[in-house]
Every structure is written in C-alpha cells, then in structure tokens.
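The chain contents come next:
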Amino acid sequence: QVQLVESGGGLVQPGGSLRLSCVVSGSVFTIYYMGWYRQAPGKQRESVAGIPRVGNTNYADSVKGRFTISRDNANNRVYLQMNSLKAEDTAVYYCNINAELKFGSPATDYWGKGTLVTVSS
C-alpha cells in the first residue's frame, strides 16, 4: 500500500517563503507523475504544479515565477518551493502521484492528506 505524507506547511507573512515536501512510502514500481494541488476554503481543488518522470514541469498561471516544483526519483520525494507568497495562496496543499505499483498494473492516482499553508500578516 502506498502512502503520501506532506510536510512544510504553516503560517507565513506575505512575501515570505515555504518549502513543501512529500514523501511516498510503500512499494511503487514507477511514479510517472508527481504534482501539487491546493484547495482554498469554499473553492474547488486546483492544480498548482506538476512534474512528469520525463518531460517538462507545468505550473498554474497564478504561481508561475514564484513556485518551483522538483522531484527526487531515487527517494520518491517531491518538493514545492514557494516564494513571494500572497494571501491568495492560502490553502490546503495536497501531494498527488500517478503511479504503477507493480509491473503491468494500471497507473493510478494517489493523494496525501494535505498540509495547510496560511499566508497572513
């Protein structure tokens, strides 16, 4: 069974920075895609950033130039460096992977439980 655990959330002032981490535990054959999503109060969950195993990263327009996603394939980790944070970045941030647990099994999405980021003075 695979588990995703996020960390690094917290309270930060506008203009500040945070670095989110997500560690994937359990037996995984291949992680094709790793991403971060967020859900603000009263809003739908939205994609923030994603990084495929091969290919280019992608970002929501609202975070381009401020957030950077990276992954550590050897240790099944994904990170989100968030700079120049704004009040509108306040949300619960979720880690997501699309992975194949065993060779030949279908690729499936898995989610963490989220970490809260609050940007406020």
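Presented here is an overview of the structure given in this document. (Residues numbered from 1 in each chain as written. Predicted model: local features only at pLDDT ≥ 70, side-chain atom pairs only at ≥ 80, totals over all residues. Heavy atoms only, no water.)

Quick look at the pattern of salt bridges now. Under the defined criterion, the tally for this structure stands at four salt bridges. Across the pair aspartate 89 and arginine 66 runs a salt bridge whose closest N-O atoms are separated by 2.7 Å. On the criterion of sequence distance, the pair formed by aspartate 89 in the loop between β8 (77-82) and β9 (91-100) and arginine 66 in the loop between β6 (58-59) and β7 (67-72) is long-range, its members being 23 residues apart. Given the relative accessible area of 1%, aspartate 89 is considered buried. One salt-bridge network, in which partners are shared between bridges, spans Arg38, Glu46, Arg66 and Asp89. (Salt bridge = Lys/Arg side-chain N within 4 Å of Asp/Glu carboxyl O. Helix = DSSP H or I, 4+ residues; strand = E, 2+ residues; numbered from the N terminus. Buried < 20%, exposed > 50% of the residue type's maximum accessible area, 1.4 Å probe, protein only.)

Once that is clear, we can look at the sheet that holds strand β1 (residues 3-7). Read from one edge to the other, the open sheet built from four strands follows the order β1-β3-β8-β7, with strand pairing classed as antiparallel. A single partner strand is all that each edge strand has here, and the edge strands are β1 and β7. Taking the axes of each pair of neighbouring strands and ignoring which way they run, one obtains an average angle of 15 degrees across the sheet. Here strand β3 (residues 18-25) pairs with β8 via six bridges, running antiparallel. Looking at the pairing, cysteine 22 lines up with valine 78 of β8. (Pairing = 2+ DSSP bridges. Axes fitted to C-alpha atoms, helices over the stretch in contact; angles between N-to-C directions.)

For the rest of this paragraph, the subject is the environment of alanine 87. The residue alanine 87 is located in the loop between β8 and β9 in this model. Overall, the relative accessible area of 46% leaves alanine 87 in the partly exposed class. In this structure, the C-alpha to C-alpha distance between alanine 87 and glutamine 13, residues 74 residues apart in sequence, is 8.4 Å.

Structurally, serine 84 is set in the loop between β8 and β9. Sequence separation between serine 84 and threonine 118 is 34 residues; the distance between their C-alpha atoms is 13 Å. Beyond its immediate sequence surroundings of up to four residues, serine 84 is in contact with Gly15, Gly16, Ser17, Arg66 and Asp89. (Contact = heavy atoms within 4.5 Å.)

What follows concerns the nonpolar core. In terms of nonpolar packing, the biggest core is built from 30 residues, with Trp36, Leu80, Met82 and Tyr93 touching the most fellow members. Of all elements in the fold, only β3, β4 (30-39), β5 (46-52), β7, β8, β9 and β11 (115-119) reach the threshold of two or more residues within this core. The element contributing the most residues to this core is β9, with five residues. Residues within four places of leucine 80 in sequence aside, it is in contact with Leu18, Arg19, Leu20, Trp36, Val48, Ala49, Phe67, Thr68, Ile69 and Tyr93. (Core = buried A, V, L, I, M, F, W, Y, C linked by side-chain atoms within 4.5 Å.)

Despite not being glycine, asparagine 76 has its phi angle at roughly 55 degrees, a positive value. Relative to the elements of secondary structure, asparagine 76 occurs in the loop between β7 and β8. With a phi close to 50 degrees, serine 84 is a non-glycine residue in the positive phi region.

All right, on to the packing of aromatic side chains then. Tallied over the entire structure, the rule returns two aromatic pairs. The interplanar angle of 70 degrees and the centroid separation of 5.5 Å between the aromatic rings of phenylalanine 29 and phenylalanine 103 together place this pair among those described as edge-to-face. With a gap of 74 residues between them, phenylalanine 29 in the loop between β3 and β4 and phenylalanine 103 in the loop between β9 and β10 (108-111) connect regions that are remote in the sequence. According to the relative accessible area criterion, phenylalanine 103 is exposed, its value standing at 72%. Taking the centre distance of 4.9 Å and the plane angle of 65 degrees together, the rings of tyrosine 37 and tryptophan 111 count as edge-to-face. Here tyrosine 37 is found in strand β4, whereas its partner tryptophan 111 is found in strand β10, with 74 residues between them in sequence. Residue classification places tryptophan 111 among the partly exposed residues on the basis of a relative accessible area of 37%. (Phe/Tyr/Trp six-rings, centres within 6.5 Å; stacked < 30°, edge-to-face > 60°.)

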